[in-house]
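One letter stands for each residue in the lines below.
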Amino acid sequence: AQRDDSVDIVLKRSSKQEKLRIPSSSTVYDLKLHALQLFDVDPAHQKFVNLTKAGQPPPEDHTTLSTLSLKRGQVILVIDTSSARDHVPRPEPSIPVAPVSPASRLQTLSHTIKEIDSQVASYDSRAAVPTLPQLDQHTEILTQTLLKLDAIDDAELRPLRREEVRRVLQLQERIDGMKEHI
């Protein structure tokens with residue numbers, strides 16, 4: 001909670017973000033209703049990144065914001081978990097596929113993050129000039145990467161996963177800064 005029993009936060013989806021001051025007695029579901037109004041994302045398909053500490057389960061809808069230890073100006077990323085890939089039936093593979101270990105998934109995601117970081121670094125150094133569609137594509141890949149990182153629930157990998165989430169959020173901030181100058 002902050003002064004006047006209110007919470008100052010920033011809700012963000014892709015390149016759009018909105019500052020909010022809401023009562024600390026508000027619930028997570030109230031926050032979902034704000035996200036619905038701001039970003040037109042159905043509350044049933046919303047996922048918040050950075051609402052709780054990494055490794056903690058997402059809070060229930062009835063959880064009050066005052067119990068979440070939010071910092072003033074904390075940026076909460078809103079992800080729409082509904083997508084065409086969730087609704088398209090996938091054919092069964094004709095050959096058995098061995099399950100991929102959480103460590104292998106984390107390594108693959110880390111490589112994806114490094115590739116995007118390298119491309120963004122070339123924009124920073126002016127070696128390449130980004131277009132808005134390129135930056136939007138990076139944002140979409142990073143959003144999907146966050147969802148995949150969140151699905152890795154291995155206690156031994158939590159510190160590494162937390163660091164990758166931090167890298168993605170920092171990278172997204174850099175991309176958003178570039179979008180402002182296009």
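The structure this text deals with has already been given above.
Fair warning: this is a prediction, and the values are worked out from it, not measured in the lab.

Asker: Would you mind going over the overall build of the protein chain with me for this structure?
Answerer: The helix and strand inventory of the protein chain stands at 5 helices and 4 strands. The order of helices and strands in the protein chain, counted from the N terminus, is β-β-α-β-β-α-α-α-α. Counting across all 182 residues of the protein chain, residues that qualify as buried make up 35%. Counting only contacts in the protein chain whose residues sit at least 6 apart along the sequence, the fraction spanning at least 24 positions is 68%. When the accessible area of the protein chain is evaluated, it comes to approximately 11300 Å², of which 52% is carbon and sulfur surface.

Asker: Explain helix H4 (residues 132-150) to me, please; I cannot follow it from the model alone.
Answerer: It helps to recall that an α-helix has 3.6 residues per turn; residues three or four apart then point in one direction. Taking 1.5 Å as the rise per residue, H4 with 19 residues should run 27 Å; its terminal C-alpha atoms sit 27 Å apart, in good agreement. Within H4, the full set of buried residues consists of Leu135, His138, Thr139, Leu142, Thr143, Gln144, Thr145, Leu146, Leu147 and Leu149.

Asker: Honestly, the sheet that holds strand S1 (residues 6-13) in this entry has me stumped. Any pointers?
Answerer: Adjacent strands of a sheet pair through backbone hydrogen bonds, lying either parallel or antiparallel. Strand order in this open sheet of 4 strands is S2-S1-S4-S3, and the pairing throughout is mixed. Of all strands in the sheet, those bounded by a partner on one side alone are strand S2 (16-23) and strand S3 (46-49). Averaged over all pairs of adjacent strands, the angle between their axes in this sheet comes to 30°, without regard to strand direction. One ladder, built from 4 bridges, connects S1 with strand S4 (residues 74-80); its direction is parallel. Pairing of Ile9 across the sheet is with Gln74, part of S4.

Asker: Help me understand the side chain of His138, please; the structure alone is not making it clear to me.
Answerer: Within the element layout of this structure, His138 appears in helix H4. Ignoring any residue separated from it by four or fewer positions in sequence, one finds His138 in contact with Ile116, Gln119, Tyr123 and Ile175.

Asker: It is not clear to me how helix H3 (residues 102-124) should be interpreted in this structure. Could you clarify?
Answerer: The terminal C-alpha atoms of H3, which comprises 23 residues, lie 32 Å apart, in line with the 33 Å expected from a rise of 1.5 Å per residue. Considered for burial, the residues of H3 that qualify are Leu106, Leu109, Ser110, Ile113, Ile116, Val120 and Tyr123. On the buried face of H3, the contacting elements are H4 and helix H5 (158-180). One or two residues past the end of H3 sits Arg126, with phi positive at roughly 70°.

Asker: Explain a nonpolar patch on the surface here, please?
Answerer: Taken together, the side chains of Tyr29, Leu33 and Leu36 present a nonpolar region at the surface, about 230 Å² in accessible area. Within the element layout of this structure, Leu33 appears in helix H1 (residues 28-39). Leu33 gets classed as partly exposed once you look at its relative accessible area, which sits at 34%.

Asker: What exactly am I supposed to notice about the packing of H3 against H5 here?
Answerer: Between two packed helices, both the angle of their axes relative to each other and the distance between the axes serve to describe the pair. Relative to each other, H3 and H5 sit at 25°, their axes nearing to 10 Å. Here H3 is positioned roughly parallel relative to H5, judged by the angle of their axes. Our pair here, H3 against H5, has a crossing hand that is left-handed. Between H3, through Leu106, Ser110, Ile113, Lys114, Ile116, Asp117, Val120, Ala121, Tyr123 and Asp124, and H5, the contact on the second element is made entirely by Leu160, Arg161, Glu164, Arg167, Val168, Leu171, Arg174, Ile175 and Met178. Here the residues of the contact of H3 with H5 are counted per class, giving 11 nonpolar, 1 polar and 7 charged.

Thresholds applied
Residues numbered from 1 in each chain as written. Predicted model: local features only at pLDDT ≥ 70, side-chain atom pairs only at ≥ 80, totals over all residues. Heavy atoms only, no water. Helix = DSSP H or I, 4+ residues; strand = E, 2+ residues; numbered from the N terminus. Buried < 20%, exposed > 50% of the residue type's maximum accessible area, 1.4 Å probe, protein only. Contact = heavy atoms within 4.5 Å. Areas by Shrake-Rupley, 256 points an atom, 1.4 Å probe, with all protein chains shown as cover. Expected span 1.5 Å × (residues − 1). Pairing = 2+ DSSP bridges. Axes fitted to C-alpha atoms, helices over the stretch in contact; angles between N-to-C directions. Patch = residues over 30% accessible without salt bridge, like charges linked within 9 Å, V, L, I, M, F, W, Y side chains within 5 Å. Salt bridge = Lys/Arg side-chain N within 4 Å of Asp/Glu carboxyl O. Parallel < 35°, antiparallel > 145°, perpendicular 65-115°, else oblique. Left-handed = near helix turned anticlockwise from the far one by under 90°. Nonpolar A, V, L, I, M, F, W, Y, C, P; charged D, E, K, R; others polar.

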